Amino acid sequence: MIQRYSNGRPTYNDDFDYILVSNVKIEGDRRDAIVNSAYSANDDIILLFGKQGLLTFIYGILIKLSLSVKRGKILPFGTVYSRNAYDYLISKNLTPEPGKNMVLGNAMLLKNRSFQYNIVNTGIICRDTITFGDFLDLTIRRGNMFKYVLVGISGVIVNEAILLMLHGVIGRDLSILPAIEISIIWNFILNNKFTFGGRGHFYLRLAKYNAFNLIGFGANLGVYYSALFYKTNIYVADFLGILVAFIITYTTATLIVW
C-alpha cells in the first residue's frame, strides 16, 4: 500500500510503504515508477531533485556544513522515505513534514550511513520552504557552526594571552609561533569535546586539524597581503583574510577532520 503524507499528516490510514513529503506535484504513474525503482535497488531513500531558488541552495550548503553532513544534498522538498527510514526518524522524535523537520530529517538520514539512497532529478520547479527562522534554528541552535565560532573567539583570547606572556621572553617575532600552535591545540580540544563530539583517533584528528588550520592561517596572510597590495583598507583586508581562513578551517573540520 502507498501512503502519502501532506503537511505532516497522512491522506488516509496509517499503513504505508513510503512517504512523500514535498511541494512538488508528481503524476501517479511517475511517482509509482520512482518508488518501484527504489524497491528494485533496495534503496531506503530517494532524493527528488527539483529546480530550487538561489537562496534555498545557499541555505542548503550552510545547513549541510553546520550539521556536518558529509554526503548528499540538503533539500527542503521531495524526499521519499522507506518504512525503515521513517521508523528511524520517529525514533529521533521527528515527524516528516515540510520545512524544518523535513530538512533536519534529510540531514539525519544522510548522516546515518546504514541507509542507501538514490537521486532522481524531476526537473520540476519547487517552492522554497526553508524560512530564515528555520535556517537560524538549524545552523545556530542545532548545528555546529555557531559553537565553532565561539571556540574560535576563545582561541583568539588564548593566542593574545600567550603573546603577552612570551613576547618579553623570546621576542615579538618568535612569540607568535607558540601562540598560534597553542591556540590551535586549545581550539581542537574544545571543538573535539563540545562542538563535534569526536570519538577515537584523537591524535590523528589533531594532526589533520593542525595541518588544515596552518593552511587556513597561510591563506589568511595571503589574502591579507594581496588585499593590501591592491590598496584595500587594512581592516577590510584583515576581515577578508579571516573570512577565507574560517571557510577553509570550518569546511575541513566538519567534512574531513570530524
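Criteria and cut-off values
- Residues numbered from 1 in each chain as written.
- Predicted model: local features only at pLDDT ≥ 70, side-chain atom pairs only at ≥ 80, totals over all residues.
- Heavy atoms only, no water.
- Salt bridge = Lys/Arg side-chain N within 4 Å of Asp/Glu carboxyl O.
- Helix = DSSP H or I, 4+ residues; strand = E, 2+ residues; numbered from the N terminus.
- Buried < 20%, exposed > 50% of the residue type's maximum accessible area, 1.4 Å probe, protein only.
- Polar contact = N/O pair within 3.5 Å; in protein donor to acceptor, adjacent residues only side chain to side chain.
- Contact = heavy atoms within 4.5 Å.
- Phe/Tyr/Trp six-rings, centres within 6.5 Å; stacked < 30°, edge-to-face > 60°.
- Axes fitted to C-alpha atoms, helices over the stretch in contact; angles between N-to-C directions.
- Parallel < 35°, antiparallel > 145°, perpendicular 65-115°, else oblique.
- Left-handed = near helix turned anticlockwise from the far one by under 90°.
- Pairing = 2+ DSSP bridges.

**Concerning the pattern of salt bridges**
Using the criterion set out here, one finds two salt bridges in the structure. Between Asp137 and Arg141 there is a salt bridge whose closest N-O contact spans 2.6 Å. Of this pair, Asp137 and Arg141 both sit in helix 5 (residues 132–141), four residues apart, which is roughly one turn of the helix. A residue is classified by how much of its surface remains accessible, and Asp137, at 12% relative accessible area, is buried.

**A look at the side chain of Thr249**
Within the secondary structure, Thr249 sits in helix 9 (residues 234–257). You can call Thr249 buried: its relative accessible area is 8%. A polar contact of 3.3 Å, which involves the side chain of Thr249, links it to the side chain of Tyr148.

**Digging into the environment of Val257**
With respect to the helices, strands and loops of the structure, Val257 is situated in helix 9. On the accessibility criterion, Val257 (5% relative accessible area) is buried. A sequence separation of 45 residues divides Val257 from Phe212, and the C-alpha atoms of the two residues are 8.9 Å apart. Contact partners of Val257, with chain neighbours within four places excluded, come to Arg205, Lys208, Tyr209, Phe212 and Thr252.

**Focus on unusual backbone geometry**
Notably, Asn93 is not glycine yet its phi reads approximately 60°, a positive angle. For Lys231, which is not glycine, the phi dihedral falls at a positive 65°. The topology assignment puts Lys231 in the loop between helix 8 (202–229) and helix 9. Its relative accessible area of 75% is what places Lys231 among the exposed residues.

**Quick word on the packing of aromatic side chains**
All told, the structure shown has 16 aromatic pairs when counted by the stated rule. Ring centres of Tyr209 and Trp258 lie 5.5 Å apart, and the angle between their planes is 70°; this geometry places the pair in the edge-to-face category. Here Tyr209 is found in helix 8, whereas its partner Trp258 is found in the segment after helix 9, with 49 residues between them in sequence. Here Tyr209 and Trp258 have matching classes, each one buried. Seen from their ring centres, Phe246 and Tyr250 are 5.8 Å apart, and the 10° between their planes marks the pair as stacked. Taken together, the residues span about one helical turn, with Phe246 and Tyr250 both in helix 9 at a distance of four residues. Members of the aromatic cluster, each reached through a chain of ring pairs, are Tyr148, Phe188, Phe196, Phe202, Tyr203, Tyr209, Phe246, Tyr250 and Trp258.

**Looking at the packing of helix 2 (residues 54–66) against helix 5**
Remark: helix 2 packs on helix 5, axes separated minimally by 9 Å, with the N-to-C direction vectors making an angle of 20°. As far as their axial angle goes, helix 5 and helix 2 are roughly parallel. The two elements helix 2 and helix 5 meet at a crossing, and its hand is left-handed. Of helix 5, the residues touching helix 2 (which contributes Tyr59, Leu62, Ile63 and Ser66) are Phe132, Phe135, Leu138 and Thr139.

**Describing the pairing of strand 4 (residues 45–51)**
Extensive coverage of strand 4 is indicated by the burial of six of its seven residues. Here strand 4 pairs with strand 5 (residues 79–82) via three bridges, running antiparallel. Directly across from Ile46, in strand 5, lies its bridge partner Val80. Note: strand 4 against strand 6 (residues 117–125), six bridges, orientation parallel. When the bridges of strand 6 are listed, Phe49 appears paired with Asn121.

**Details of the side chain of Asn191**
Tracing the backbone through its elements, the reader meets Asn191 in helix 7 (residues 172–195). With a relative accessible area of 1%, Asn191 lands in the buried category. Among the polar contacts made by the side chain of Asn191, one reaches the side chain of Tyr209 at a distance of 3.3 Å. Those residues in contact with Asn191 that sit more than four places away from it in its chain are Tyr148, Val151, Phe196, Gly197, Tyr209 and Trp258.

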